[in-house]
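Residues per chain, in single letters:
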Amino acid sequence: MNSIIAHSQMHKDKNLPFVLFRKPNSEKLFGIFQKSKDLFFSKNLKETGFVFAPFNNLEESILFPEYQTEIKSEHIKDFSVQTNNSKSIQQNLENDQKHFESLVEQSINAIKKGLFQKVVVSRINDLHTDEFDLFSSFQNALHSYPNAFVYLWYHPKVGTWLGATPERLVEVNGTSYRTVALAGTISETDFKSSNWSSKEILEQKIVADYILEELNPISGEIFIGDSGTTRAGNLYHLKSSIHGRLNNEMKLIDLVSKLHPTPAVGGFPKEEAISFILKNEGYNRSFYSGFLGMINSQDHDRVNSELFVNLRCMEIFSSSVRLYAGCGITRDSIPHKEWLETVNKMKTMQAILA
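Rules used in this analysis
Residues numbered from 1 in each chain as written. Predicted model: local features only at pLDDT ≥ 70, side-chain atom pairs only at ≥ 80, totals over all residues. Heavy atoms only, no water. Helix = DSSP H or I, 4+ residues; strand = E, 2+ residues; numbered from the N terminus. Rg over C-alpha atoms; globule rule 2.2 N^0.38 Å. Buried < 20%, exposed > 50% of the residue type's maximum accessible area, 1.4 Å probe, protein only. Contact = heavy atoms within 4.5 Å. Lys, Arg positive; Asp, Glu negative; His and termini not counted. Charge placed at Lys NZ, Arg CZ, Asp CG, Glu CD. Core = buried A, V, L, I, M, F, W, Y, C linked by side-chain atoms within 4.5 Å. Salt bridge = Lys/Arg side-chain N within 4 Å of Asp/Glu carboxyl O. Axes fitted to C-alpha atoms, helices over the stretch in contact; angles between N-to-C directions. Parallel < 35°, antiparallel > 145°, perpendicular 65-115°, else oblique. Left-handed = near helix turned anticlockwise from the far one by under 90°.

1. Points about the overall build of the protein chain
Working step 1: When you go through the protein chain residue by residue, the secondary structure sums to eight helices and 20 strands.
Working step 2: For a compact globule of 354 residues, the expected C-alpha radius of gyration is about 20 Å, and the protein chain comes in at 20 Å, within 12% of that figure.
Working step 3: Dimensions of the protein chain along its principal axes, counting C-alpha atoms only, are 55 × 55 × 35 Å.
Working step 4: Among the 354 residues that make up the protein chain, the fraction classed as buried is 55%.
Working step 5: Of the contacts formed within the protein chain by residues at least 6 apart in sequence, a portion of 72% connects residues at least 24 apart.
Working step 6: For the protein chain, the distance from the average site of its 38 positive side-chain charges to the average site of its 41 negative ones is 1 Å.

2. Remarks on the environment of cysteine 313
Working step 1: For cysteine 313, the position within the fold is in strand 19 (residues 313–316).
Working step 2: Residue classification places cysteine 313 among the buried positions, given a relative accessible area of 1%.
Working step 3: Considered as a pair, cysteine 313 and leucine 152 are 161 residues apart in the sequence and their alpha carbons are 9.8 Å apart.

3. Considering the nonpolar core
Working step 1: Among the nonpolar cores identified, the biggest contains 67 residues, and Phe50, Tyr151, Trp153, Trp161, Val170 and Leu255 are the most heavily contacted of them.
Working step 2: Excluding residues within four positions of it along the chain, tyrosine 151 makes contact with Leu20, Phe21, Phe52, Phe138, Trp161, Leu162, Gly163, Leu292, Asn310 and Cys313.

4. Remarks on the pattern of salt bridges
Working step 1: Tallied over the entire structure, the rule returns 13 salt bridges.
Working step 2: A salt bridge links arginine 168 to glutamate 171; its shortest N-O distance comes to 3.7 Å. By the burial criterion, arginine 168 is buried, and glutamate 171 matches it.
Working step 3: Of the charged contacts, one joins lysine 199 and glutamate 203 as a salt bridge, the two residues approaching to 2.9 Å between their closest N and O atoms. One end of the pair, lysine 199, and the other, glutamate 203, are both in helix 5 (residues 198–215), four residues apart, so they sit about a helical turn from each other.
Working step 4: The class of glutamate 203 is buried, set by a relative accessible area of 4%.

5. Looking at the packing of helix 2 (residues 94–112) against helix 8 (residues 335–350)
Working step 1: Relative to each other, helix 2 and helix 8 sit at 125°, their axes nearing to 9 Å. Here helix 2 lies oblique to helix 8, going by the angle between them. Every pair of crossing elements has a handedness; the one defined by helix 2 and helix 8 is right-handed. Together, Asp96, Gln97, Phe100, Glu101, Val104, Glu105 and Ile108 of helix 2 and Pro335, His336, Glu338, Trp339 and Thr342 of helix 8 make up the contact between the two elements.

Here's what the structure looks like:
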């Protein structure tokens, strides 16, 4: 794997855009290397290439177009795991905790007033680093989270992002598609000593019901499996698998527009929840809880697209990294528990720093 990592390092030294990624449960690493520093955007997801889309649908999605890139792949066999020697100084979280728990209280009050049933609120945490190895951290993520979509994305005009997301937005193969309703979170410690609470069960049901309602009008058929427990790092979630077939006239943009952002990252009803987030969260999510992946790749006689929700991620700056995490709020939420959930989610990325 050293060859594709070395190629990426040289590409970054030249300030040229690239993305490395490995799909869940795969032993193949892909690299997409753009030949120029130009910034391209996707219009209606009609192009072929790698798309990196923000949470806010009003903001533009960045594209590495296939015709502008060189694509490499490499089988992952052996790679070294780096020790966590990053000298990170975490900022004082006392004020962050008070602000976030206040935001959760505000969200619960809005739910009780009938503004929405669920809203997903999030926060950031900046870690100041005087030593940080980008590619070693990426390799740590590959090793630590084999069931996740692990990526490292760079564009000199935008920035650097690294993530290990447990959630697929949608996979399309011809007219067939599959997606998941994933929501509800419990730590490994709590999972061993308790069952899912009514709060997490309701949270996941809202996501599943929403997806079925949105996709039914554009689907020739649609099926959903029973909800079950899935593990992502040190956390557990509730997940239902959903698959179906698109009506012939439907395009990728029709499907993605119905799904993104799902109640798993925004809330329900969608418009009211997102309006609340944009007004009250206090920062721009940028690409956190957006989506990313290959679109419209030709596979024999079919066109394939595979997109993932950008969760468990960090944005990387010259002397700091920014961690992102959120949690779904319902009327039964407890502010301090929601704060602890974001702390546990941020540990996923903090643990790979090298």
